[in-house]
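# Architecture and fold: a report
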Amino acid sequence: MEIQYLQKLKENDKIDSQRIKGVTESEIQKVEQKLEISFPKAYKEYLYLAGEYSGNLHMLETDDLKTLSSDFYKDVLSEDMRETKTIIERPFWVFADGIGDQGFWFFYLDENDENPETHYYAYKPTYVYEAVIGSHNLTFSEFIEGRIDFGFKVKKDGIW
């Protein structure tokens, strides 16, 4: 796969002792066909480079393609959204999930953008199970570049 948006990730495939591991283009296509969706090019590059294991990018708890495309994950996500009464009405894809009370990061699938804007779904720290949706104001590639920088900062400063 030709890397257009995530060159920095390709050049930094190892942060500290953790090396990223991707999935094949065929695996990406199988998931797209199964779910009847088309991923943006920047996200396909991410999957190709780090879709099985993201190493020290600190991508919440779950970001691997196998888990995020599973029927089990889809059911859990739907239940969480029902419980918070905060539903995303547009087609979207979760690219990293915090499992439990951390929320998740996502992009919309209906923007027809090869490098979409990233968003968050965060659980509010209240007594009522609620969530808030917002934008990171970063494209997917900018978001991943920030995770790379953060991974190197953690390595350097030992703050994680």
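See the structure above.
Structural notes, computed from the coordinates. Think of each chain on its own: its residues are numbered from 1, step by step along the sequence as written. Since the coordinates come from a predicted model, pLDDT governs what is reported: local features require at least 70, and pairs of side-chain atoms require 80 or more to be given and counted, while whole-chain, interface and lining totals use all residues. Note that water and hydrogens are dropped before the side-chain values are worked out from all heavy atoms of the structure.

Turning next to unusual backbone geometry. Non-glycine residue Asp-16 carries a positive phi angle of around 60°. Each helix is a run of H or I in the DSSP string that is no shorter than four residues. Each strand is a run of E no shorter than two, and both are numbered from the N terminus. Among the secondary structure elements, Asp-16 is positioned in the loop between strand 1 (14-15) and strand 2 (18-19). For every residue, the accessible area (1.4 Å probe, protein chains only) is compared with the maximum for its type, and the residue is labelled buried under 20%, exposed over 50%, or partly exposed between those bounds. According to the relative accessible area criterion, Asp-16 is partly exposed, its value standing at 43%. Residues other than glycine seldom take positive phi values, yet Lys-85 does so here, at roughly 55°. Tracing the backbone through its elements, the reader meets Lys-85 in the loop between helix 5 (71-84) and strand 3 (92-97).

This part takes up the side chain of Asn-56. Topologically, Asn-56 is positioned in the loop between helix 3 (41-50) and helix 4 (65-68). A residue is classified by how much of its surface remains accessible, and Asn-56, at 19% relative accessible area, is buried. Whenever a nitrogen or oxygen atom comes within 3.5 Å of another N or O atom, the pair is scored as a polar contact, on the condition that within protein one atom can donate a hydrogen and the other can accept it, and that pairs from neighbouring residues in sequence are kept only if both atoms are in side chains. At 3.0 Å, the side chain of Asn-56 and the backbone oxygen of Ile-15 are in polar contact. By definition, residues are in contact when any of their heavy atoms lie within 4.5 Å. With sequence-adjacent residues up to four places away left out, Asn-56 is seen in contact with Ile-15, Asp-16, Ser-17, Gln-18 and Gly-151.

We now examine the sheet that holds strand 5 (residues 117-123). As summarised here, the arrangement of the four strands in space is 3-4-5-6, forming an open sheet in which the pairing is antiparallel. Each of the sheet's edge strands pairs with one partner strand only, and the pair in question is strand 3 and strand 6 (131-139). Sheet twist, expressed as the average angle between the axes of neighbouring strands with direction ignored, equals 30°. Strand pairing requires that DSSP identify at least two bridges connecting the strands. Across six bridges, strand 5 lies against strand 6 in antiparallel orientation. Across the sheet, the residue bridging to Tyr-120 is Gly-134, located in strand 6. Comment: axis = line fitted to C-alpha atoms, over the contacting stretch for helices; angle = value between 0 and 180 degrees taken between N-to-C directions.

Further remarks concern the layout of surface pockets. Estimated volume of the largest pocket: approximately 330 Å³. Around the largest pocket, the lining comprises 14 residues; the ones closest to its centre are Leu-35, Lys-74, Leu-77, Phe-92 and Trp-93. Those elements giving two or more residues to the lining of the largest pocket turn out to be helix 5 and strand 3. Counting residues per element, the lining of the largest pocket draws most heavily on helix 5, which supplies five residues. Residue classes in the lining of the largest pocket are distributed as 10 nonpolar, three polar and one charged. With a 1 Å grid laid over protein atoms only, a set of points is called a cavity when a 1.4 Å probe fits there but cannot get out and a pocket when it is open yet has protein on both sides within 12 Å along at least five of seven lines; lining residues have an atom within 4 Å of a point. Grid points are joined across faces, edges and corners, and a volume is the space filled by probe spheres set on the points. Three categories are distinguished: nonpolar for Ala, Val, Leu, Ile, Met, Phe, Trp, Tyr, Cys and Pro, charged for Asp, Glu, Lys and Arg, and polar for the others, with Gly belonging to the last.

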